[in-house]
Amino acid sequence: MMKKPIPFDFLLDYLPQGIIIKPAIGMFNIYFDRKIVLIFRKTGKNPQHNGIWISTRREYHEGLMAAIPAVSQFELEESFDTSWLLLSDSHDEFENAAIQLCQLVVNRDERIGKVTPLSAALFSR
């Protein structure tokens, strides 16, 4: 069985040592420092949601969108936590903005990432 390649895998060079990557349905969750920080998504279903999902809180939206203008808000099903932000893979500045996001993760920017029961458990082994 062939493993599905990680989309935007060039970004792995820009992320810190010690990340944990977990495949999900059509996505790859990126964990660092006990937090889920990013999700890399590239699928044929709902391509408007493809790109990098940024784990954050609503109070950080304005600052992150000002710092990296390619980042935007997006809406999913009502049951989904829409405090996530999106860097669309169709944005002209995708590559540069994605590298900037990785730099925020490396620098442990408080605006990126959330501790969840799963993310905490991944790092307590």
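Scroll up to find the structure.
**Details of the environment of Pro-47**
- Looking at the element boundaries, Pro-47 is found in the loop between strand 3 (35-41) and strand 4 (51-54).
- When the C-alpha positions of Pro-47 and Ser-88 are compared, they lie 9.2 Å apart, and in sequence the two are 41 residues distant.

**Section: the pattern of salt bridges**
- Summed over all chains, the structure comprises three salt bridges.
- Among the salt bridges present, the one from Arg-108 reaches Asp-33, with a minimum N-O distance of 3.1 Å. Remark: Asp-33 occurs in the loop between strand 2 (27-32) and strand 3 and Arg-108 occurs in the loop between helix 2 (94-106) and helix 3 (117-122); sequence separation between them is 75 residues.

**Overview of the sheet that holds strand 5 (residues 71-73)**
- Judged by pairing direction, the sheet is antiparallel, and its six strands sit side by side in the order 1-2-3-4-6-5 without closing on themselves. Strands at the two margins of the open sheet, each flanked by one partner only, are strand 1 (20-24) and strand 5. In this sheet, adjacent strand axes meet at a mean angle of 25° when their direction is disregarded.
- Of the pairings in the sheet, the one linking strand 1 to strand 2 comprises five bridges and is antiparallel in character. Looking at the pairing, Ala-24 lines up with Met-27 of strand 2.

Cut-offs used in this document
Residues numbered from 1 in each chain as written. Predicted model: local features only at pLDDT ≥ 70, side-chain atom pairs only at ≥ 80, totals over all residues. Heavy atoms only, no water. Helix = DSSP H or I, 4+ residues; strand = E, 2+ residues; numbered from the N terminus. Salt bridge = Lys/Arg side-chain N within 4 Å of Asp/Glu carboxyl O. Pairing = 2+ DSSP bridges. Axes fitted to C-alpha atoms, helices over the stretch in contact; angles between N-to-C directions.

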